[in-house]
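Observations on the model geometry
One-letter residues, chain by chain:
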Amino acid sequence: MAKKEIAAAGASSKKLRTKELIYAGAFGALYIVLMLVIVLGTSMIPVLYLLAPITVGLVCGTVYLLCVLKVKKFGAALILGVLFALCACSNAWFSFVGAIAAALLAELVIKLGKYKSKMMYLLSFVAFNLNMACPYMMLSFARDSFLKRSVEYYGQEYADGIAKLAPTWIFFPILGFAVIGGILGALLANALIKKHFAKAGVV
Amino acid sequence: MNISVYGEDRGALVHFDPRTKFVIFLVSLAVSANSYNAAAHSIYCAVLCGMLFLCGKKWNAVKMSLLLGFAVYIRTCMEMQATGSTVIVTIISFLVTIFLYFFPMLVSLLIITQTTRVNQFLSAFQAMHIPTKIVIPIAVMFRFIPTVGEEWNGVRKAMAFRGMSLEPSAIIRHPVRTVEYILIPLLFSCISIMEELAAAALARGMDSSQQRTAYEPVRLKAYDYITIILFLTVGIWFFAAGLITGGAA
């Protein structure tokens, strides 16, 4: 029995096991709840709504890094990205595809580090956090329908505020914010993991 | 601990299949993102409350529909009158609209998380021959969202006990420190729950390669098919309307 189990574990050591699938799903729930809390809490003010990639990256970086460091295989970042896309990017198909592409890019970065290099894990969050820019894609690519909906949901003044703050090229600064948020989030996550989780032996 | 957080359908009037509920969740996401018509949106929200009622969370359904009625009432009043201080009107209308925006998503999440047990969810999707690699993360995510909320409340209470507040002023003055104070305990408790959950799932043979058998049969019935078709039609209608309005504007 024990031998069989070891053999099975050896054969599937590169693929995700059930335990890791459960970890990924649970971290996905954490990530989404935190992101929703932050976005809902800050979107009262249009400026903060546009800065959400930074605020979310800062907080959720730790969750992401704990997830990938705990699993250390292909798939953890991808599952997290798909769950994120399912909940946050369902408003337009190109946002959905973009978010999954960001997760795949993160997987690629981790793979370049051969699932060992800590530096690459930190870098991969910068790629992963690009998905926070994807819900904003419609600001550039489906601008009219987005502004129309803002009038419907938030009222004319809020929509005007958004329209004034966000010209068509706003998507590129937001991509920049996502990169900054990714870097800051990765740095903070590194510090927090070193200070708390490594000591406790979680990672 | 409130056991009913994790879903039970004993009081259900109609036992809907988990797949039906999942379709409702996806359609609700589409409706949230593509709705341009306030009346149609409100009707859809009311129908969702009815579904929640049928699924057995009667008291929650009544509460949600009262909230919905209140929000729609305030919105109509403000549209009719169009007077009053601009700042206050903007803030209130903002709160109302953000509530209405997330209402379909919220109620359909309640339908899934509060009235479906995880084992039903798993066996329903395995009956469709969807690989476990896709089903398990989604099922665990829905199971875990209420847990995160519960842990969040626990952390908040513990912080208040130690005299640390989560007020906006504290967050603005010490953003990083506040994040650390909230995030670290939350993550630690969630990780230990995750490990227990994984151990419990493995002990029940979740990673066995054999076909799972179900204690109670999960099967799509006639009313499931009718509901799925109705919701899909509504979802496609909203989506198409969104495309037309968006394109014409």
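Calculation criteria
Residues numbered from 1 in each chain as written. Chains lettered and ligands numbered in written order. Predicted model: local features only at pLDDT ≥ 70, side-chain atom pairs only at ≥ 80, totals over all residues. Heavy atoms only, no water. Helix = DSSP H or I, 4+ residues; strand = E, 2+ residues; numbered from the N terminus. Buried < 20%, exposed > 50% of the residue type's maximum accessible area, 1.4 Å probe, protein only. Contact = heavy atoms within 4.5 Å. Areas by Shrake-Rupley, 256 points an atom, 1.4 Å probe, with all protein chains shown as cover. Expected span 1.5 Å × (residues − 1). Axes fitted to C-alpha atoms, helices over the stretch in contact; angles between N-to-C directions. Parallel < 35°, antiparallel > 145°, perpendicular 65-115°, else oblique. Left-handed = near helix turned anticlockwise from the far one by under 90°. Nonpolar A, V, L, I, M, F, W, Y, C, P; charged D, E, K, R; others polar. Salt bridge = Lys/Arg side-chain N within 4 Å of Asp/Glu carboxyl O. Polar contact = N/O pair within 3.5 Å; in protein donor to acceptor, adjacent residues only side chain to side chain. pLDDT = per-residue confidence, 0-100. Phe/Tyr/Trp six-rings, centres within 6.5 Å; stacked < 30°, edge-to-face > 60°. Lys NZ or Arg CZ within 6 Å of the ring centre and 35° of its normal. Patch = residues over 30% accessible without salt bridge, like charges linked within 9 Å, V, L, I, M, F, W, Y side chains within 5 Å. Core = buried A, V, L, I, M, F, W, Y, C linked by side-chain atoms within 4.5 Å. Domains from an automatic or database assignment.

**Remarks on the overall build of chain A**
The number of helices and strands found in chain A is eleven helices and zero strands. Tracing chain A from N to C terminus, the helices and strands come up as α-α-α-α-α-α-α-α-α-α-α. Counting the 203 residues in chain A, one finds 56% classified as buried. The long-range share in chain A, meaning contacts at least 24 apart out of those at least 6 apart in sequence, stands at 78%. Carbon and sulfur atoms make up 72% of the accessible area of chain A, which amounts to about 8,600 Å² in all.

**Topic: helix 2 (residues 18-42) of chain A**
Helix length check: helix 2 of chain A, at 25 residues, gives a terminal C-alpha distance of 36 Å against a target of 36 Å (1.5 Å per residue), a fit within 8%. Across the 25 residues of helix 2 of chain A, 19 count as buried, placing the element largely inside the fold.

**Topic: the packing of helix 4 (residues 52-71) of chain A against helix 11 (residues 171-200) of chain A**
Residue and element names in this part refer to chain A. One way to put it is that helix 4 packs onto helix 11 with a least axis distance of 7 Å and a crossing angle of 50 degrees. It follows from the interaxial angle that helix 4 and helix 11 lie oblique. The interaxial crossing formed by helix 4 with helix 11 has right-handed handedness. Taken together, the residues that form the contact of helix 4 with helix 11 break down as 17 nonpolar, five polar and no charged.

**Description of the packing of helix 1 (residues 18-34) of chain B against helix 2 (residues 38-54) of chain B**
Residue and element names in this part refer to chain B. One way to put it is that helix 1 packs onto helix 2 with a least axis distance of 12 Å and a crossing angle of 160 degrees. By the criterion of interaxial angle, the relationship of helix 1 to helix 2 is roughly antiparallel. The crossing of helix 1 and helix 2 is left-handed. Across from Ile24, Val27, Ser28 and Val31 in helix 1, the residues of helix 2 making contact are His41, Tyr44, Leu48 and Met51. For the contact of helix 1 with helix 2, a count of residues per class yields six nonpolar, two polar and no charged.

**Description of the interface of chain A and chain B**
The interface of chain A with chain B comprises 48 residues on the first partner and 54 residues on the second. Two residues, Lys70 of chain A and Glu195 of chain B, come together in a salt bridge whose shortest N-O distance is 2.9 Å. In this structure, the connection of chain A to chain B is made through three residue pairs in polar contact (both at pLDDT 80 or more). Put simply, the parts of the chain that give the side of chain A that touches chain B at least two residues each are helix 2, helix 4, helix 5 (76-88), helix 9 (143-154), helix 10 (156-165) and helix 11 of chain A. No other element matches helix 2 of chain A, which puts 17 residues into the side of chain A that touches chain B. Grouping the amino acids of the side of chain A that touches chain B by side-chain chemistry returns 30 nonpolar, nine polar and nine charged.

**Some words on the pattern of salt bridges**
Throughout the structure, instances matching the rule amount to five salt bridges over all chains. With its nearest N and O atoms 2.9 Å apart, the salt bridge here joins Arg19 of chain B to Asp17 of chain B. Like Arg19 of chain B, the residue Asp17 of chain B is buried in the burial classification. A cluster of three or more residues bridged by salt bridges with shared partners is formed by Arg17, Glu20 and Lys73 of chain A.

**Let's talk about the confidence of the model for chain A**
If pLDDT is low for a region, its predicted coordinates should not be looked at in detail. Scored by pLDDT, chain A comes out at a mean of 81, with 83% of its residues at no less than 70. This stretch, residues 1-11 of chain A, has a pLDDT under 50; its non-local contacts, to residues over four places away or in other chains, come to zero contacts.

**Brief notes about the packing of aromatic side chains**
Each aromatic ring pair is described using two quantities: the centre-to-centre distance and the angle formed by the ring planes. This structure, assessed with the given rule, holds 17 aromatic pairs over all chains. Both rings, one in Phe22 of chain B and one in Phe142 of chain B, keep their centres 6.2 Å apart while their planes meet at 75 degrees; by these two values the pair is edge-to-face. In this pair, Phe22 of chain B sits in helix 1 while Phe142 of chain B sits in helix 6 (residues 132-161), placing the two residues 120 residues apart along the sequence. A relative accessible area of 13% means that Phe22 of chain B is categorised as buried. An angle of 35 degrees between the planes, with centres 4.9 Å apart, marks the rings of Phe121 of chain B and Phe125 of chain B as tilted. Of the two residues, Phe121 of chain B and Phe125 of chain B are both situated in helix 5 (residues 118-127); the distance of four residues between them amounts to about one turn of the helix. Across the pair, exposure class does not vary: Phe121 of chain B and Phe125 of chain B are buried alike. The residue whose ring lies beneath Lys70 of chain A is Tyr23 of chain A, and the NZ or CZ to ring-centre distance is 4.9 Å.

**Considering a nonpolar patch on the surface**
All names here are of chain B. A cluster of nonpolar side chains, namely Leu13, Phe53, Trp59, Val62 and Leu66, defines an oily patch on the protein surface of about 530 Å² accessible area. For the nonpolar patch, the leading source of residues is helix 3 (residues 58-81), giving three residues. Within the secondary structure, Phe53 sits in helix 2.

**Details of the nonpolar core**
Counting 104 residues, the largest nonpolar core has Phe27, Leu30, Tyr31 and Tyr64 of chain A together with Phe142, Phe144 and Met194 of chain B as its most contacted members. Taken together, domain 1 (14-116 + 219-249) and domain 2 (129-204) of chain B each give at least three residues to this core, which thus spans both. By size, the runner-up hydrophobic cluster in this structure holds 26 residues, among which are Val31, Cys45, Val96 and Val107 of chain B.

**Side note on unusual backbone geometry**
Positioned with a positive phi, Lys72 of chain A is a non-glycine residue whose angle comes to about 55 degrees. On the secondary structure map, Lys72 of chain A appears in the loop between helix 4 and helix 5. Within the chain, His129 of chain B stands out as a residue other than glycine whose phi angle is a positive 60 degrees. Within the secondary structure, His129 of chain B is located in the loop between helix 5 and helix 6.

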